[in-house]
Amino acid sequence: MSILINKNTKIIVQGITGTQASFHARRSMEYGTNIVAGVTPGKSGLSHLGVPVFNTAVEAVKETGATASVMFVPAKAVVSATKDAIAAGMETLVCITDKVPIKDMMYVREMLKDSKTRFIGPNTPGVITPGEARMGIFPENIHQPGNIGVVSRSSTLTYEAVLEIKRAGLGQSTVVGLGDDMVVGSDFIDIIDQFMKDDETKAVVAIGTLGGRYEEKLAEYYSGLKEKKHIIGFVAGNNSAYRYNVGYAGDIITRGHITMQDKRDALSEAGILTINRINYLHEELKNIMK
Amino acid sequence: MNIHEYQAKQILSKYGIKVPKGKVAYTPLEAKTIAGEISLKGPWMIKSQIHSGARNKGYFLEKKAGKDGGIRQVKTRRSIAKEADEMLGSTLVTVQTGHKGKVVHKVYVEEYVKIDQTFYCGMVIDRMTPAITLLVCDSNFDDDIIRVALSSPDKILRTALNLENGATVAQVRNVLNFLNLPANSFKNLKKFIDGLHKAFVDNDATMIEVNPVGVTKRGELMALDAKMSFDDSAMFRHKDISMLRDESEYIERKLKALKYGFNYGEFDGSVGLIVNGDGISLALIDLLRQKDFDAACFLNVKGGVDKDKIAAGIKLIMTNPRVEGILINILGGFLRCNLIAEGIVASASEVGLNVPLVVRFEGINKEYAKEILVKSSLPLKISDEMETSVNDLLELMREGD
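Small disclaimer: the values here were computed from a predicted structure and weren't measured.

Calculation rules
Residues numbered from 1 in each chain as written. Chains lettered and ligands numbered in written order. Predicted model: local features only at pLDDT ≥ 70, side-chain atom pairs only at ≥ 80, totals over all residues. Heavy atoms only, no water. Helix = DSSP H or I, 4+ residues; strand = E, 2+ residues; numbered from the N terminus. Buried < 20%, exposed > 50% of the residue type's maximum accessible area, 1.4 Å probe, protein only. Contact = heavy atoms within 4.5 Å. Areas by Shrake-Rupley, 256 points an atom, 1.4 Å probe, with all protein chains shown as cover. Lys, Arg positive; Asp, Glu negative; His and termini not counted. Charge placed at Lys NZ, Arg CZ, Asp CG, Glu CD. Buried area = accessible area lost by both parts, 1.4 Å probe. Salt bridge = Lys/Arg side-chain N within 4 Å of Asp/Glu carboxyl O. Polar contact = N/O pair within 3.5 Å; in protein donor to acceptor, adjacent residues only side chain to side chain. Nonpolar A, V, L, I, M, F, W, Y, C, P; charged D, E, K, R; others polar. Phe/Tyr/Trp six-rings, centres within 6.5 Å; stacked < 30°, edge-to-face > 60°. Lys NZ or Arg CZ within 6 Å of the ring centre and 35° of its normal. Arc of directions from axis to C-beta. Domains from an automatic or database assignment. Pairing = 2+ DSSP bridges. Axes fitted to C-alpha atoms, helices over the stretch in contact; angles between N-to-C directions.

**Thoughts on the overall build of chain B**
- Within chain B, the regular secondary structure consists of 13 helices and 19 strands.
- Considering only C-alpha atoms, chain B reaches an extent of 75 × 50 × 40 Å along its principal axes.
- Burial status across chain B gives 58% buried among its 401 residues.
- Across chain B, the fraction of contacts at a sequence separation of at least 24, relative to all contacts at a separation of at least 6, is 69%.
- For chain B, the accessible area works out to roughly 17000 Å², and carbon and sulfur atoms hold 50% of it.
- Each charge sign in chain B was given a centre, from 55 positive and 52 negative side chains, and these centres are 7 Å apart.

Next up, the structure:
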């Protein structure tokens, strides 16, 4: 088992004929991912990378029975592509596109409220179940199958965590990049809840960063769990770097709870093992998995 | 992207928000003339136009600018020219600018409005909800809103607004009561909040701050100050706002990096970082600080696909005089490692490599990238792990001392 995707999941690629989409879709196919179709409006009837191209996700699903989609569409097309994917009844939607306007993501979140679609991203490396399926742009060669679930708010630190797991001689059940943007489709709890129910996953690595109160929410959720698996947490970023990037009024909304120390303290108090440097991860994993 | 007060006021007034009469001046003489156009009699307000809040509590680095802050009340037309002369060309430091401050290139001359009451009003995106959220606070309580937020968060009322429709009547009434505004100002308050919300949504703002809003005896609301920031990712559909970008507000290297499509920032340290993600740059800066070093600057080349732009970006770091050592840490996914390797070789052959350089590659095309570097025989070190790469660089930097 794994979460979200496995080798049997039928996957489509929205925006498949683009250069980056083609590069990564081909890599995913070579990895064994069950990509069954692509979508590019106006290019229906074409065959690309050996799979049929449709005008809409709705048509693609009707013809192939796909349940997951990875989006490489231009930023300004994310809202319409999402609408299409939701209408198609997609279960998992992974949006790789970066520089999506925040307002558009707020519309997307509104649309998702009445749907069964789990939206991951945008601006994410994607989702990978090692040895089975790759949705996105992960450097697949650093991954290996195993029992550690990874969920991260930072793309690059996701790779770092995966390398640390490899260093510990372990592998991953599924790796999920939540996306680096201000407003994203899913948060820690949405994903960790699935890891907690997944037989294959024995422990979880959660990577946080500054902004919002996601880590605090995770701490609250974890405290309330009856049956828990180990979580190791890491939070990147210091206060001044945050102030540097983020404006004045935004600070107010979080009521001053913005330092990485606040987030680390919240995680620790909830019983989540927190580490100060990401390269301490492999040692801690070895201890836990002994 | 940020804009100036006078630009924000122009935008807000299009949405029915009242602002004092005013105009921008670039010279003391102009300031004096404008004051006469606005009203025959003082007082007037004269306000430094830099991208920063808390300008009234700021100070100037130059002696010629006097001891007063960046926002001054002036009684006579003659003293308008004098105050403008003091401010123009001087460097204003506020809690938001950092200790280096920002040079004032223009001032805003405005009528003085007599008001009865003031309050703070802001609008931001709360990423947790997610929703555009209205913030109000009785600013008579304390001028520094950040301090209020830290010490007495209950003094700030937060109201999540509907994306399409904005504030409900009940929400406006709640704000009115919270601020103890006179009952006759309800209609004006509704109009004010609706105007802010529409300006926010229409223009893809990420923040609007009116600090303070002035309330007149008759219950009229007026934006006495205004600050707006916009979502850079949405500027493709707002050409008019993109044009308001004031290049003098940016350091030159940042401007260049933006042109190449990359993010760039400066700190007080000596290490130049080239990375492909915010998370990794935050983690590296944390690590440097744990070892008593700090970053001089970082370049985030995330999403880079153009070889020439990547090389130009790397050159920005290699030619930064404050950089005493460079750490390149790339975890290739979308961005392929070989593009960075080619960029390193291209820029080093053009500007020379005069400081220690440590490179770490992981992910897509890592081996190919390493091969390019080895073949170039540049004096650089390749490391395989994050903390090792930091240690390697710091060691080389210490040896160089």
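**Digging into the interface of chain A and chain B**
- Taken residue by residue, the interface counts 63 residues in chain A and 67 residues in chain B.
- When chain A packs against chain B, close to 5400 Å² is buried across both sides, 61% of that on carbon and sulfur atoms.
- Scanning the region where chain A abuts chain B turns up six salt bridges.
- Its salt-bridge partner being Lys 103 of chain A, residue Asp 204 of chain B comes within 3.4 Å of it at the nearest N-O pair.
- Across the chain A-chain B interface, the total number found is 14 residue pairs in polar contact (both at pLDDT 80 or more).
- Per-element accounting of the side of chain A that touches chain B gives the leading share, eight residues, to helix H5 (residues 155-167) of chain A.
- Among the residues forming the side of chain A that touches chain B, the class breakdown is 27 nonpolar, 17 polar and 19 charged.

**Side note on the packing of aromatic side chains**
- Applying the stated criterion across every chain, the model contains three aromatic pairs over all chains.
- Both rings, one in Phe 138 of chain A and one in Tyr 159 of chain A, keep their centres 6.0 Å apart while their planes meet at 70°; by these two values the pair is edge-to-face. Of this pair, Phe 138 of chain A sits in the loop between strand E9 (133-136) and strand E10 (145-152) while Tyr 159 of chain A is found in helix H5, placing the two residues 21 residues apart along the sequence.
- According to the relative accessible area criterion, Tyr 159 of chain A is buried, its value standing at 5%.
- Here the aromatic rings of Tyr 6 of chain B and Tyr 108 of chain B are separated by 6.1 Å at their centres, their planes lie at 35°, and the arrangement is tilted. Taken as a pair, Tyr 6 of chain B in helix H1 (residues 5-14) and Tyr 108 of chain B in strand E7 (residues 107-111) lie far apart in primary sequence, 102 residues in all. This pair shows no difference in class: Tyr 6 of chain B is buried, exactly as Tyr 108 of chain B is.
- Lying over the aromatic face of Phe 186 of chain B, Arg 173 of chain B brings its terminal NZ or CZ to 4.3 Å of the ring centre.

**Digging into helix H10 (residues 260-269) of chain A**
- Taken residue by residue, H10 of chain A has Met 260, Lys 263, Arg 264, Ala 266 and Leu 267 of chain A as its buried positions. For H10 of chain A, the buried positions fall inside an angular range of 160° around the axis, keeping them on one side.
- Buried residues in H10 of chain A make contact with helix H7 (214-224), strand E13 (230-235) and strand E14 (273-274) of chain A together with helix H9 (278-290) of chain B.
- Once H10 of chain A ends, the next one or two residues include Gly 271 of chain A, with phi positive near 95°.

**Brief notes about the domain arrangement of chain A**
Residue and element names in this part refer to chain A.
- Each assigned domain of chain A is listed here: domain 1 (11-120) and domain 2 (139-288).
- Of note, the centres of domain 1 and domain 2, computed from C-alpha atoms alone, are 27 Å apart.
- Each partner contributes to the interface: domain 1 provides 10 residues, whereas domain 2 provides 12 residues.
- Summing both partners gives a buried area of about 1000 Å² for domain 1 against domain 2, and 54% of it is carried by carbon and sulfur.
- Counting every contact that joins domain 1 to domain 2 gives two salt bridges.
- Linking domain 1 with domain 2 are four residue pairs in polar contact (both at pLDDT 80 or more), by the criterion used here.
- Looking at the side of domain 1 that touches domain 2, the elements that each hand over two or more residues are helix H1 (19-31), helix H4 (102-113) and strand E7 (118-120).
- Residue contributions to the side of domain 1 that touches domain 2 peak at four residues, all from H4.

**Points about the sheet that holds strand E17 (residues 325-332) of chain B**
- Strand order across the open sheet formed by six strands is E14-E16-E15-E17-E18-E19 (chain B), with mixed pairing between neighbours. The open sheet has two edge strands, strand E14 (263-266) and strand E19 (381-382) of chain B, and neither has a second partner.
- As paired strands, E14 of chain B and strand E16 (residues 295-300) of chain B are joined by four bridges and run antiparallel to one another. Bridging from a neighbouring strand, Asn 263 of chain B pairs with Asn 300 of chain B of E16 of chain B.
- Against the sheet, H5 of chain A contacts E17 and strand E18 (357-363) of chain B, and its axis sits at roughly 80° relative to E17 of chain B.
- Most of the contacts of helix H11 (residues 337-351) of chain B go to E18 of chain B, to which it runs at about 160°, and overall it touches E17 and E18 of chain B.

**Observations regarding the sheet that holds strand E8 (residues 126-129) of chain A**
Residue and element names in this part refer to chain A.
- Strand order in this open sheet of seven strands is E9-E8-E11-E10-E12-E13-E14, and the pairing throughout is mixed. The open sheet is flanked by E9 and E14, the only strands paired with a single partner.
- Set on the sheet, H1 makes contact with E8 and E9; between it and E9 the angle comes to about 170°.
- Sheet strands touched by H10: E13 and E14. Its angle to E13, the strand with the most contacts, is close to 175°.

**Thoughts on unusual backbone geometry**
Residue and element names in this part refer to chain B.
- Residue Pro 43 follows Gly 42 across a cis peptide bond; omega there is -5°.
- For Pro 43, the location among the structural elements is in the loop between helix H2 (28-38) and strand E2 (44-48).
- Residue Thr 129 is joined to Pro 130 through a cis peptide bond whose omega torsion reads -20°.
- Take Pro 130: it is sitting in the loop between strand E8 (117-126) and strand E9 (131-137).

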